[in-house]
Amino acid sequence: MARQIAFREALREAMTEEMKRDETVFLMGEEVAEYNGAYKVSQGMLAEFGPKRIIDTPISELGFTAVGVGAAQNGLRPIVEFMTWNFAVLALDQILNTASKMLAMSGGQISCPIVCRGGNGSAGQLGAQHSTAFESLYANIPGLKVVSPSNGYDAKGLLKQAIRYENDPVMFMESEQMYGDKAEVPEEEYYIELGKADVKKSGRDVTIVSFNKMMKVALTAAEELEKEDIHAEVIDLRTIRPLDWHTILESVKKTNRLVIVEEQWPFGSVSSEISYRIQKEGFDYLDAPIRRITAADAPLHYAPNLVAAALPSVAGTVKLVKEVMYLEK
């Protein structure tokens, strides 16, 4: 049986269920315990599991991530919450130089089953230093897996999979703007395998690929296009690394056109990798150049009109689709 719950509740259920199942799982981060989490994701978990498993940390991302990485390499399965991934750059040394590399450096002897999670990307008027989307940065690091869900159902299944089954470090990127979003989530236990994209809407005319909160833009654009008898197939990547480009390729074989919508900066982005893969493996199926709509190639400003101008929009996506269909110049 399914019920409507908020994105934050889906994440909480995932962590709670896995902590009940496995005593080696614990949560640590700033304000996760006494304050019930900066975004109330961990609400009630301190009362349920106690201070040895729900741990408030100092404001020191490098320090507490190092503790988490060390714990993971010694048999525990920590979940490290960053208040925002913008702050996680302070812990990049531990993620890049230790967590991602130790399996290779130890000849396969030492794995690092850690899940790092928190809010990612823009979240309204927070200014440039709190508004960066980091999927492409972490996806460029061998040894890491990067997850970026767009809804509560996927978020719960992917987070449970990451905590229970993944022995590699998983970077789990949420959106602060989606924590209150409701979704149908089953009461029954389920897991979603990492590296499997999901076709959220079938179509015949063009393939639109997106992830995280930009899926709202992609799906709304598809609804607008439907009014003009243009039927878009919309694919949610869900996992950035490993990247399921095979699902995109099969869709392009049918639609012959591809538009990518993402919140990353354009240079070296997720869309850059997708474009390379699809033109390499599916060039003969393309009837138009692959097009993308990304964030502006600049720090995100505070002013709301500049935020709107910098991020992908429904109107911009619709226009791009019409261009690849040669309906608009």
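Structure: above.
These numbers come from a predicted model, not from an experiment.

The rules behind each value
Residues numbered from 1 in each chain as written. Predicted model: local features only at pLDDT ≥ 70, side-chain atom pairs only at ≥ 80, totals over all residues. Heavy atoms only, no water. Pairing = 2+ DSSP bridges. Helix = DSSP H or I, 4+ residues; strand = E, 2+ residues; numbered from the N terminus. Axes fitted to C-alpha atoms, helices over the stretch in contact; angles between N-to-C directions. Phe/Tyr/Trp six-rings, centres within 6.5 Å; stacked < 30°, edge-to-face > 60°. Buried < 20%, exposed > 50% of the residue type's maximum accessible area, 1.4 Å probe, protein only. Polar contact = N/O pair within 3.5 Å; in protein donor to acceptor, adjacent residues only side chain to side chain. Contact = heavy atoms within 4.5 Å. Salt bridge = Lys/Arg side-chain N within 4 Å of Asp/Glu carboxyl O.

**Student:** Can you walk me through the sheet that holds strand E3 (residues 54-56) in this structure?
**Tutor:** Sheet strands pair by backbone hydrogen bonding; their relative direction is either parallel or antiparallel. Strands sit in the order E3-E2-E4-E5-E7-E6-E12 across an open sheet of 7 strands; the sheet is mixed. Single-partner strands in this sheet number two, and they are E3 and strand E12 (239-241). The sheet shows a mean angle of 20° between the axes of neighbouring strands, taken without regard to direction. As paired strands, strand E6 (residues 145-147) and E12 are joined by 2 bridges and run antiparallel to one another. Across the sheet, the residue bridging to Val147 is Thr239, located in E12.

**Student:** What is the right way to look at the packing of aromatic side chains in this model?
**Tutor:** Describing an aromatic ring pair means giving the distance of the ring centres and the angle of the ring planes. Per the stated rule, a full pass over the model turns up 8 aromatic pairs. Ring centres 6.2 Å apart and planes at 70° place the aromatic pair Phe7 and Tyr179 in the edge-to-face group. Separated by 172 residues along the polypeptide, Phe7 in helix H1 (residues 7-21) and Tyr179 in the loop between strand E7 (170-174) and strand E8 (182-186) bring together distant segments of the chain. The class for Phe7 is buried, based on a relative accessible area of 1%. The exposure class assigned to Tyr179 is buried, which follows from its relative accessible area of 2%.

**Student:** What's the story with the side chain of Ser100 in this structure? I'm lost.
**Tutor:** Relative to the helices and strands, Ser100 is located in the loop between helix H4 (92-99) and helix H5 (102-105). Separated by 2.5 Å, the side chain of Ser100 and the backbone oxygen of Leu96 make a polar contact. Apart from the residues lying within four places of it in its own chain, the contact partners of Ser100 are Ile95, Ile141, Pro142, Gly143, Leu144 and Pro169.

**Student:** Before we go on, may I ask you to explain the pattern of salt bridges in this structure?
**Tutor:** Pairing is possible between side chains that carry opposite charge, provided their charged atoms lie close to one another. Tallying each qualifying case throughout the model produces 30 salt bridges. For Glu13, the salt bridge goes to Arg3, with nearest N and O atoms at 2.3 Å. Placement of the pair is Glu13 in helix H1 and Arg3 in strand E1 (residues 2-6), with a sequence separation of 10 residues. Sharing partners across several salt bridges, the network here consists of Arg3, Glu13, Glu17, Glu18, Arg21, Asp22, Lys156, Lys160 and Glu189.

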